[in-house]
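Chain by chain, the residues run as shown.
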2 protein chains.
Amino acid sequence: MSNAADAAKAAAAHPFDRAVALESIPDGRLRGRTNESYWNMISPFGGMTAAMVLNAILQKPERQGDPVALTVNFAAPIQAGEFFVEARMARANRSTQHWAVTIVQGTTPDVVVNAIAIFGVRRPTWGDTEAVRPSAPDPEASRRFQPTMPMRWPAMYDVRYARVSNDNTDSLTHTWIRDAEPRNVDCLSLTAYCDTFAPRIFFRRPLLVPVGTVSLNIYYHVSAEDLAHHGSAPVFGVAHGQVNRKGYGDQHAQLWGQENTLLATTHQMLWYKE
Amino acid sequence: MSNAADAAKAAAAHPFDRAVALESIPDGRLRGRTNESYWNMISPFGGMTAAMVLNAILQKPERQGDPVALTVNFAAPIQAGEFFVEARMARANRSTQHWAVTIVQGTTPDVVVNAIAIFGVRRPTWGDTEAVRPSAPDPEASRRFQPTMPMRWPAMYDVRYARVSNDNTDSLTHTWIRDAEPRNVDCLSLTAYCDTFAPRIFFRRPLLVPVGTVSLNIYYHVSAEDLAHHGSAPVFGVAHGQVNRKGYGDQHAQLWGQENTLLATTHQMLWYKE
């Protein structure tokens, strides 16, 4: 933070905004710091890391438009403390920008995150939503997620299960997702929401094995302006896995907003042991 | 090709192998050339471009393991002729490698493809396939795809529709996919198959509008060794779209092999006009 006013603003900000903040440094990179409140088992919550990748691009003065596609590959666990983000525009066309983003850490320095993104200017066109939002009980009638493992980040969210199989029959879940301390949804928080879905393997297998996301992919289906109308209401998530095989498994999810608007779709590949 | 023997081998090779070939040059990059047979409307077939990105990594002597995840962002139309591929290993762990790949063209040179990938060594583990392969008529009973637009690449494939809606009701298709000239399926051809699914918007809307893939994402669920058992049988593809809105739409697909093995899952974001 550059001065006392900024520091006061940060102190008043939502915990998510404080955690996702990045500071521009003279060499063109951005400096960030891991946040204890959004800590996972051995590294930060992946949704926070993905939001930081997006935030690095959003802070670049040459950025135009809104996120269209983001892929974040987790190359190594981010260690507690400082890290640096390098966001480089690889190509720009009239209405589209292509970005390459890395997060590095340590004296070498080592790449811990390898990411690419597309930003675009959205214009009115014909449209349709073929996916159908399933009906679900209200958030008030849904059970809040209580992690059994020592992770801090789930406490920063209010995730409620509207549908879950309790006998390993299937991995389909319906969840209501919002920040525990209410915050208006924007591209950054929506990005983090995309990684709030528990690894599907836990719904298929009684055994708890080490597991971690290796690649997170997000397609954004609304502009920042559209999203501004959402407010702080919960987002409705539909998540499902397709396969686990030889140490890798997938999952995909839809994130629905108000009035059956499909805000984002997301896919991830996870590594698991045994 | 470095000598007459290689040249003879290339002449005898399958057209796909000739098209996907890349030559190492002294500066560490690889040189490729667009192939007329795999030409789309104004640039190469995106599946061929994605296969070339993968091939660049496969040709690197330090590459270990098999593809786990690949994201290819199409930054600008590749022009007919020569191009250069730069594949850089961003990070390697014990059993995982992270790669960044760009394709550049022209004197500047300009980035036309911006891609990242994960390779991994696959080990036996617990596994399950939750996705269910739909039943379908045999390839012989399915109608072969005949493009109505002037594209060359579809003739290089034998794509047959086992299910398609003819009245814009839905975008769900079942297709049998193989190379027109039979070729054993490997990671490269499977990658190309992932882009053989027609843009879903054409199944939802009578109007033909300009459309193009901006981002292609592939999760590989089998090792190269597993895939070697598949042979040249057709792969069965299940593709579906979820949303089209303000110039961008998505689609996802499953690629099934013999004995109900889910070989790959793929997602893409497309740009469309009007």
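Attention in this report is confined to the structure presented alongside it. (Residues numbered from 1 in each chain as written. Chains lettered and ligands numbered in written order. Predicted model: local features only at pLDDT ≥ 70, side-chain atom pairs only at ≥ 80, totals over all residues. Heavy atoms only, no water.)

Where interface size is quoted, it is often the accessible area lost as the parts come together. Of the residues lining the interface, 66 residues belong to chain B; the matching set on chain A comes to 67 residues. Here chain B and chain A share an interface that buries about 5600 Å² over both sides, 54% of which is from carbon and sulfur atoms. Our count for the chain B to chain A interface comes out at eight salt bridges. Residues Arg204(B) and Asp128(A) are paired through a salt bridge, measuring 2.6 Å at the closest nitrogen-oxygen approach. (Contact = heavy atoms within 4.5 Å. Buried area = accessible area lost by both parts, 1.4 Å probe. Salt bridge = Lys/Arg side-chain N within 4 Å of Asp/Glu carboxyl O.)

A few words on the pattern of salt bridges. Residues and elements named next belong to chain B. In the structure shown here, the tally under the stated rule is 28 salt bridges over all chains. Among the ionic pairs, arginine 31 bridges to glutamate 23, the shortest N-O distance being 3.6 Å. Classification of glutamate 23 by relative accessible area gives partly exposed; the value is 34%. For arginine 160, the salt bridge is made with aspartate 158, and the minimal N-O distance between the two is 2.8 Å. Residue arginine 160 is classed as partly exposed on the basis of its relative accessible area of 23%. (Buried < 20%, exposed > 50% of the residue type's maximum accessible area, 1.4 Å probe, protein only.)

The next subject is the side chain of Asp226(A). Here Asp226(A) is to be found in helix H6 (residues 224–228). Here Arg245(B) takes part through its side chain, which lies 3.1 Å from a polar atom of the side chain of Asp226(A). Of note is the side chain of Asp226(A), whose polar atom sits 2.9 Å from the side chain of Lys246(B). In this view, Asp226(A) contacts Arg245(B) and Lys246(B); residues no more than four positions away in its chain are not counted. (Helix = DSSP H or I, 4+ residues; strand = E, 2+ residues; numbered from the N terminus. Polar contact = N/O pair within 3.5 Å; in protein donor to acceptor, adjacent residues only side chain to side chain.)

For the pair chain B and chain A, the best superposition has an RMSD of 0.0 Å and corresponds to a rotation of 180 degrees with a translation of 0.0 Å parallel to the axis. Taken together, these values place the two copies in the relation of a two-fold axis. (Least-squares fit on C-alpha atoms with pLDDT ≥ 70 in both.)

So, on to unusual backbone geometry. Backbone torsion omega between Thr108(A) and Pro109(A) reads -15 degrees, so that peptide bond is classified as cis. Positive phi, normally seen in glycine, also occurs at Lys246(A), with a value near 45 degrees. Along the polypeptide, Lys246(A) turns up in the loop between strand S13 (243–245) and strand S14 (248–256). Taking relative accessible area as the criterion, Lys246(A) reaches 24% and is therefore assigned partly exposed. Of note, the phi angle at Asn168(B) is positive, near 65 degrees, even though the residue is not glycine. One can find Asn168(B) in the loop between strand S9 (157–163) and strand S10 (173–179).

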